[in-house]
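# Structure at a glance
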Amino acid sequence: AGHGHIFVMRADGSGVRRLTGGSGNDHNAVWSPDGNTIAFTRDNQLMLMAADGTGARPLVPGDHAAWSRDGTLLAYDAGGAVHVIHADGAADRRLVAGITPAWSHDGARLAYVAPAPGRADTDIYVIRLDGTGKRDVVSSRRNDTDPSWR
């Protein structure tokens, strides 16, 4: 099996530089809103590193990190549930059963994917950060995936 790594480059494709190495499978990299930190997954462990690739450190077991707009929180999935954690690793909490979270622009809600009740497919839901207001917003009777806000 191959190993995945995180790379950066200029918008025109030049200046390609590898940020991660070793035997881990690094993927799902996302920049913090201020551009100083990258969250990524290494072998089912949510990791943080500086934008230049230095200081990689584990945060929590998980995948599919998404930064809040102000960069203070990360949403991620672990064990079939969406979690929210402070970027410094404090106050990790399970929010709801689901995967692949995406923040609303105002930071008040998360969209995520979860099994559709009574069916074999998945739907996209939205929920407030306090766990209230869960709504099924995309129900196509197919596997709805990869929520994103416009």
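Presented here is a report on the structure given in the accompanying data block. (Residues numbered from 1 in each chain as written. Predicted model: local features only at pLDDT ≥ 70, side-chain atom pairs only at ≥ 80, totals over all residues. Heavy atoms only, no water.)

### Brief notes about a nonpolar patch on the surface
As a reminder, the rule being used: Here, patches come from residues exposed beyond 30% relative accessible area and free of salt bridges, joined within 9 Å for like charges and within 5 Å for nonpolar side chains (Val, Leu, Ile, Met, Phe, Trp, Tyr). Using the Shrake-Rupley algorithm and a 1.4 Å probe, accessible areas are obtained, with residue cover drawn only from the displayed protein chains. Salt bridges are counted wherever a side-chain nitrogen of Lys or Arg sits within 4 Å of a carboxyl oxygen of Asp or Glu. Each helix corresponds to a stretch of at least 4 residues labelled H or I by DSSP, and each strand to a stretch of at least 2 residues labelled E; elements are numbered beginning at the N terminus. Partly exposed residues are those whose accessible area sits between 20% and 50% of the maximum for their type, while under 20% is buried and over 50% is exposed, using a 1.4 Å probe and protein chains only.
Residues Phe7, Met9 and Val16 make up a contiguous nonpolar surface patch of roughly 320 Å² in combined accessible area. Within the secondary structure, phenylalanine 7 sits in strand E1 (residues 7-8). Residue phenylalanine 7 is classed as partly exposed on the basis of its relative accessible area, which comes to 46%.

### Things to note about the pairing of strand E12 (residues 109-115)
What counts is decided by this rule: At least two DSSP bridges between two strands are required for those strands to pair.
Among the seven residues in E12, five count as buried, and that is most of the element. Between strand E11 (residues 99-103) and E12, which pair antiparallel and follow one another directly, the connecting turn spans five residues, one of which, glycine 107, has a positive phi of 75°. By the bridge criterion, seven bridges tie E12 to strand E13 (residues 122-128) in an arrangement that is antiparallel. Looking across to E13, one finds that valine 113 is bridged to isoleucine 124.

### Focus: the sheet that holds E13
Convention followed: As a rule, the C-alpha atoms of each element are fitted with a line to give its axis, helices using only the stretch in contact, and angles between N-to-C directions run from 0 to 180 degrees.
Reading across the sheet, the four strands line up as E11-E12-E13-E14 and stay open at both edges, with antiparallel pairing between neighbours. Each edge of the open sheet is held by one strand with a lone partner, namely E11 and strand E14 (135-138). Neighbouring strand axes in the sheet, compared pairwise and without regard to direction, differ in orientation by 35° on average.

### A few points about the environment of glycine 133
The cut-off we apply is this: Residue contacts follow a heavy-atom distance rule, with two residues in contact if any of their heavy atoms lie within 4.5 Å.
Its location among the elements puts glycine 133 in the loop between E13 and E14. A sequence separation of 88 residues divides glycine 133 from glutamine 45, and the C-alpha atoms of the two residues are 29 Å apart. The residues contacting glycine 133, other than those within four sequence positions of it, are Val126, Ile127 and Arg128.

### Topic: the nonpolar core
Put simply, the rule reads: In these notes, a set of buried Ala, Val, Leu, Ile, Met, Phe, Trp, Tyr and Cys residues joined through side-chain atoms within 4.5 Å is what counts as a nonpolar core.
Core analysis: the biggest nonpolar cluster contains 14 residues, and Val84, Leu95, Val96, Trp103, Leu110 and Tyr112 have the highest contact counts within it. For this core, the secondary structure elements donating two or more residues are strand E8 (73-78), strand E9 (81-86), strand E10 (93-97), E12 and E13. Among the elements that take part in this core, E12 stands out by supplying three residues, more than any other. If we skip the residues at most four places from it in the chain, valine 96 touches Ala81, Val82, Tyr112 and Ile127. Residues Leu48, Leu59, Trp67 and Leu74 belong to the second largest nonpolar core, which totals 12 residues.

### Considerations on the packing of aromatic side chains
Cut-off, in case you're wondering: Working definition: a ring pair exists when centres of Phe, Tyr or Trp rings (six-membered ring for Trp) sit within 6.5 Å. Plane angles under 30 degrees give stacked, over 60 give edge-to-face, the rest tilted. Placement of a positive charge over a ring is assigned whenever Lys NZ or Arg CZ falls within 6 Å of the ring centre and within 35 degrees of the normal to the ring plane.
Throughout the structure, instances matching the rule amount to one aromatic pair. Both rings, one in tyrosine 112 and one in tyrosine 125, keep their centres 5.6 Å apart while their planes meet at 20°; by these two values the pair is stacked. With a gap of 13 residues between them, tyrosine 112 in strand E12 and tyrosine 125 in strand E13 connect regions that are remote in the sequence. The residues tyrosine 112 and tyrosine 125 share a single accessibility class, namely buried. Across from the ring centre of tyrosine 125, 5.0 Å away, lies the NZ or CZ of lysine 134, which sits over that ring.

### Concerning the sheet that holds strand E3 (residues 26-31)
The strand order E3-E4-E5-E6 describes an open sheet built from four strands, whose pairing is antiparallel. Two strands in the sheet have a free side with no partner beyond their single neighbour: E3 and strand E6 (57-61). Adjacent strand axes in the sheet meet at a mean angle of 25° when their direction is disregarded. Taken together, the four bridges between E3 and strand E4 (residues 37-42) define a ladder with antiparallel strand orientation. In the sheet register, tryptophan 31 faces E4, and the bridge partner there is isoleucine 38.

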